[in-house]
Amino acid sequence: MRKKLLLTSLILVLVVSSLVGCSKPQTVTMVTDSGGVDDKSFNQSAWEGLEAFRDANKGKVEVNYIESSSEEDYQPNLTAAVDKGAGLTWAVGYMMAQQLQDTAKSNSKVSFGIIDWAPAEEDEVLDNVAYVTFKEHEGSFLVGLIAGLTTETNNVGFVGGMSGGVIEKFEVGFHAGVKAANPDARVQIQYAESWGDIPKGKQIATTMIRDGADVVYHAAGGTGIGVAEACDEAQVHFIGVDVDQSDLTPYTLTSMLKRIDNAIQTISTEWLNGDFQGAKVYSLGLAEDGVGYGYDPDKISDEVKAIVDDYAAKIKSGELVIPTSNDELPAFLEGLK
Amino acid sequence: MNLNYVTITTLLFFAVRSAAVLLLAGLGGIFSERAGVVNIALEGMITMGAFMAVAVTIVTHQPWLGVLAAMIAGALLAALHGVLSIRFKANQVISGTAINILAAGLSSFLMKSIFDQGGHLLLEKAPGLSDWSIPFIRDLPWLGEILGQHSPGVYLAFILALVTHLVLFHTPLGLRIRAVGEHPHAADTVGINVYRIRYLGVILSGVLAGFAGSVLSIGIGSAFLENMAAGRGFIALAAVIFGKWTPLGTMAACLLFGVSEAVQVSSNLLGIGQYIPSSLMATFPYVITMLALAGFVGRSVGPAASGQPYDVDQR
């Protein structure tokens, strides 16, 4: 008897919850990568975008998030987002690509978006997914200019996370920026082969600083915390990545900003207005306000800012194309002369 | 190759420092394995120790209390591993794996619930452990640059390696630990309490691994990062195997791995990056361990009863 009662009530709960789900089609849910929604990085930036979207469309939309603590959570979390009635589900981070593709395929009536991933040739392009990538090389170029104009030793450093992948864009953009501003400057480049190893980051940056570097930029995730520590101890300039990282050290010169918040807000608004463009690969650069740099008037002089903004205008207009790989770099540097 | 006084001393300084963290965890591994319990959970104990050290230091502003908390946290996780694998005779590798997963989740969870922070936790205004600077040594050329100033944990790691060697091979307690790991039934018949020795070994391993975690987070660095052990627990185990389960051998292995790590992360700066990719160099400790296990670098055989639960009735 008890079992039957339990079963009936469970079914009732199930039916009611699915009905509730159907009655609110205007829900946008984001699934975070590990680190949580307040990670002072990607997830937080994405959530700020959704909050801005909600505030701009008061009463019409509901936004929420589901946190993943490990890779095993991606699939259940994405499914849960759809089951709870999200009309648009955001996957924050390329790590979720496969799971997102699978979920989107089996739920073709609702929309999805993924940050930092675009289908390669062998991948299927789905009509209900917006693929959002960023031109990080353009943002890196700008902070490279700032580094090149700021260094007094004509020696700057770049610390990468894992070699042989997306980080080359950051490295080459930065390298190009430094050389554009200061052809005599030396750029030290080293990869840590880890995204989460603070001592390695600190070790690399300290070695660079002992070798004369006085500005160090990183694109190394958590390893970058060690880079900031090294800059802090040696009192040299640190350049953050993805979000404003000035909380890591007071010696932060600027940060290369990836405006995930802007992207999510814009595309979510398009979706709300019925203009969602599935299967589209967004590639957001300076012209689309997808990347930028952190400006602190105490750290960056008006002179430097004028030069950087001048280059930014040239990039926006298409007059200047920033290289994305080491193969293109020599030709670019030659063209500057 | 770009070799000069600065690059070489910098490289060796970092090699010693990386080796020390591995060594502390490795000594823990020795105590546990010598007593007959495989401890694959060193990784999780380092993570938990790293977190507790930062958490307690933020609250109390006393970094040495943070170190103590890290040791206690490691010991508690180790006690859990002990109960599962000694009392309940669970498979030690599975128990260890479970503890690694538990530590990763628990540290993130506590960080979020206590400090309302995700991803990483900075010491900010709280002080980390200040370095020790050794008189006389610090004034020497070469040696002074390499060994003159380090985090206290670095010096303690090497001292503890000697202490562990003396304890294991020159005291009755060491003999008991080794006997329990080699042949627990024989040890039992001469009146050694096998369970007690095993608990002792496992808990000591937790204390040392927790200490290693605190060196990582408040000694060398000043922050906790999710999963910040970054494989060091496993490399430490590799060092134990390569070092043939002896403290001095493990110390040598840790120094070798430390040098390899230092070379790997400065491969481009040294000018060897174009010949050997740094990602390939990162695999060095694992390759060496496989070679050691396969018998290429001398025979490497662990304590005979390591990994087997002790059952009094079994013959």
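The model shown is predicted, which means the values in this text are computed figures rather than measured ones.

S.K.: Sorry if this is basic, but what is going on with the overall build of chain A here?
M.R.: Counting secondary structure elements, chain A contains eleven helices and twelve strands. Against the compact-globule benchmark of 20 Å for 337 residues, chain A has a radius of gyration of 22 Å, which places it among compact chains. Expressed along its principal axes, the backbone C-alpha trace of chain A runs to roughly 80 × 40 × 40 Å. Within chain A, the fraction of its 337 residues that count as buried is 53%. Considering only contacts in chain A between residues 6 or more positions apart, those separated by 24 or more positions represent 68%.

S.K.: Just to check I follow, could you spell out the interface of chain B and chain A for this structure?
M.R.: Frequently, the measure chosen for interface size is the accessible area removed from exposure when the parts meet. Listed as interface residues are 31 residues of chain B and, on the opposing side, 34 residues of chain A. Counting residues per element, the ones that place at least two in the side of chain B that touches chain A are helix 1 (5–34), helix 4 (92–115), helix 9 (194–220), strand 4 (223–225), helix 11 (247–265), helix 12 (267–270) and helix 13 (278–281) of chain B. Ranked by residue count, the leading element in the side of chain B that touches chain A is helix 1 of chain B, at four residues. When its residues are assigned to classes, the side of chain B that touches chain A shows twelve nonpolar, 16 polar and three charged.

S.K.: Looking at this structure, I do not really get the pairing of strand 7 (residues 186–191) of chain A. What am I missing?
M.R.: A regular strand carries its side chains on alternate faces of the sheet. Residue and element names in this part refer to chain A. Along strand 7, five of the six residues are buried, which leaves the element largely enclosed by surrounding structure. When strand 6 (residues 155–160) meets strand 7, the two strands line up parallel, connected through six bridges. Its bridge partner being in strand 7, glycine 160 is matched across the sheet by tyrosine 191. The handedness of the strand 6 to strand 7 crossover, carried by helix 6 (residues 167–181), is right-handed.

S.K.: What is the right way to look at the domain arrangement of chain A in this model?
M.R.: All names here are of chain A. Splitting chain A by domain gives domain 1 (26–134 + 260–288) and domain 2 (137–251 + 301–336). For domain 1 and domain 2, the distance between their C-alpha centres works out to 29 Å. Residue-level contacts link seven residues of domain 1 with seven residues of domain 2. Taken together, the residues of the side of domain 1 that touches domain 2 sort by class into three nonpolar, three polar and one charged.

S.K.: So what exactly am I meant to see when it comes to the pairing of strand 3 (residues 86–92) of chain A here?
M.R.: Residues and elements named next belong to chain A. Counting buried positions along strand 3 gives seven out of seven residues, so the element sits mostly inside the fold. Sheet topology note: the strand 3/strand 4 (residues 111–115) ladder contains five bridges and is parallel. Looking across to strand 4, one finds that alanine 91 is bridged to isoleucine 114. Chirality of the crossover, the property in question, places the unit of strand 3, helix 4 (residues 97–106) and strand 4 among those that are right-handed.

Thresholds, definitions, all that
Residues numbered from 1 in each chain as written. Chains lettered and ligands numbered in written order. Predicted model: local features only at pLDDT ≥ 70, side-chain atom pairs only at ≥ 80, totals over all residues. Helix = DSSP H or I, 4+ residues; strand = E, 2+ residues; numbered from the N terminus. Rg over C-alpha atoms; globule rule 2.2 N^0.38 Å. Buried ≥ 20, exposed ≤ 12 C-beta atoms within 10 Å, placed from the backbone. Contact = placed C-beta atoms within 7 Å. Nonpolar A, V, L, I, M, F, W, Y, C, P; charged D, E, K, R; others polar. Pairing = 2+ DSSP bridges. Right-handed = clockwise from strand over helix to strand, strands pointing away. Domains from an automatic or database assignment.

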